[in-house]
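# Structural characterization, general
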Amino acid sequence: GAVVSQHPSRVICKSGTSVKIECRSLDFQATTMFWYRQFPKQSLMLMATSNEGSKATYEQGVEKDKFLINHASLTLSTLTVTSAHPEDSSFYICSAPGQEGYGYTFGSGTRLTVV
Amino acid sequence: QQQVKQSPQSLIVQKGGISIINCAYENTAFDYFPWYQQFPGKGPALLIAIRPDVSEKKEGRFTISFNKSAKQFSLHIMDSQPGDSATYFCAASMGSWGKLQFGAGTQVVVTP
């Protein structure tokens, strides 16, 4: 089945630094990748939609200069959290349309802690 | 404004019991209703999904009931097992590949 590999699973960074999260579609081509943020005991909040070869579309209230998304190939999308601050600490998850009939496939998530 | 309302927030059920989670939506353009299971520290995984042309769908111990006129759908977990302890999210979208609107989630704990 369709698998999305997300790395790293956990990252701790200092305030003011940048962190890159990668999502790779392993056995299929993902022309679209969705990026979500999830705070503890809360639902998934869609941050942005990335499309291969074009600019990402950001949801209202999401700072595009802070959360840089690149979808340079059909198998790789990256989210870079720039100048991270403690309030950016969260669980970030990517998702791509999988096989027909199986819905979206999600990455395993990245726990970001900014200290 | 949450487009999909989910209840209860949490649920404790004994092993072998039935877990029932309810969701309601307003947008009649939604035509794809998946349920996801999420374990701590992991991404969600699709459990089962339904379209509004059927009123019920069953896969193993998991059943979705769908009431189009009431704009409600529910997940029933039969013979609940401790391994079912997780957070469950309902969702809705326009088409299989439309943006997913998630419910708030239900934390299910199955006691031995």
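See the structure above.
What this report covers is the structure whose coordinates are included nearby. (Residues numbered from 1 in each chain as written. Chains lettered and ligands numbered in written order. Predicted model: local features only at pLDDT ≥ 70, side-chain atom pairs only at ≥ 80, totals over all residues. Heavy atoms only, no water.)

### Some details on the overall build of chain B
Heads up, the condition is: Under the scheme used here, helices are H or I runs from DSSP no shorter than 4 residues and strands are E runs no shorter than 2 residues, and both carry numbers assigned from the N terminus. Each radius of gyration reported is based on C-alpha atoms, and the globular scaling rule is 2.2 Å times the count of residues to the power 0.38.
Summing up its helical and strand segments, chain B has zero helices and 11 strands in all. Secondary structure of chain B in N-to-C order comes out as β-β-β-β-β-β-β-β-β-β-β. Relative to a compact globule of 112 residues, whose C-alpha radius of gyration would be 13 Å, chain B shows 13 Å and is just as compact. Each principal axis of the C-alpha distribution contributes one length, and for chain B these read about 40 × 30 × 20 Å.

### Considerations on the layout of surface pockets
What counts here: Using only the protein atoms, space was sampled on a 1 Å grid; points where a 1.4 Å probe fits but cannot get out form cavities, open sets with protein on both sides within 12 Å along at least five of seven lines form pockets, and lining residues are those with an atom within 4 Å of a point. Grid points are joined across faces, edges and corners, and a volume is the space filled by probe spheres set on the points. When residues are grouped by polarity, Ala, Val, Leu, Ile, Met, Phe, Trp, Tyr, Cys and Pro land in nonpolar, Asp, Glu, Lys and Arg in charged, and all others, Gly among them, in polar.
The computed volume of the largest pocket comes to approximately 570 Å³. Gln38(A), Pro40(A), Lys41(A), Gln42(A) and Thr87(B) are, among the 29 residues lining the largest pocket, the residues nearest its centre. The set of elements that each furnish at least two residues to the lining of the largest pocket consists of β1 (4–7), β9 (86–92) and β11 (106–111) of chain B. The element contributing the most residues to the lining of the largest pocket is β11(B), with four residues. Of the residues assigned to the lining of the largest pocket, the class counts are 11 nonpolar, 15 polar and three charged. Forming the walls of the second largest pocket are 15 residues, and the residues nearest its centre are Leu44(A), Met45(A), Leu46(A), Glu59(A) and Gln101(B). Of all the secondary-structure elements, those providing two or more residues to the lining of the second largest pocket are β5 (44–51) of chain A together with β10 (101–102) of chain B. A per-element tally of the lining of the second largest pocket places β5(A) first, with three residues. Considering only residue class, the lining of the second largest pocket consists of seven nonpolar, six polar and two charged.

Shape is all these values report; function is a separate question.
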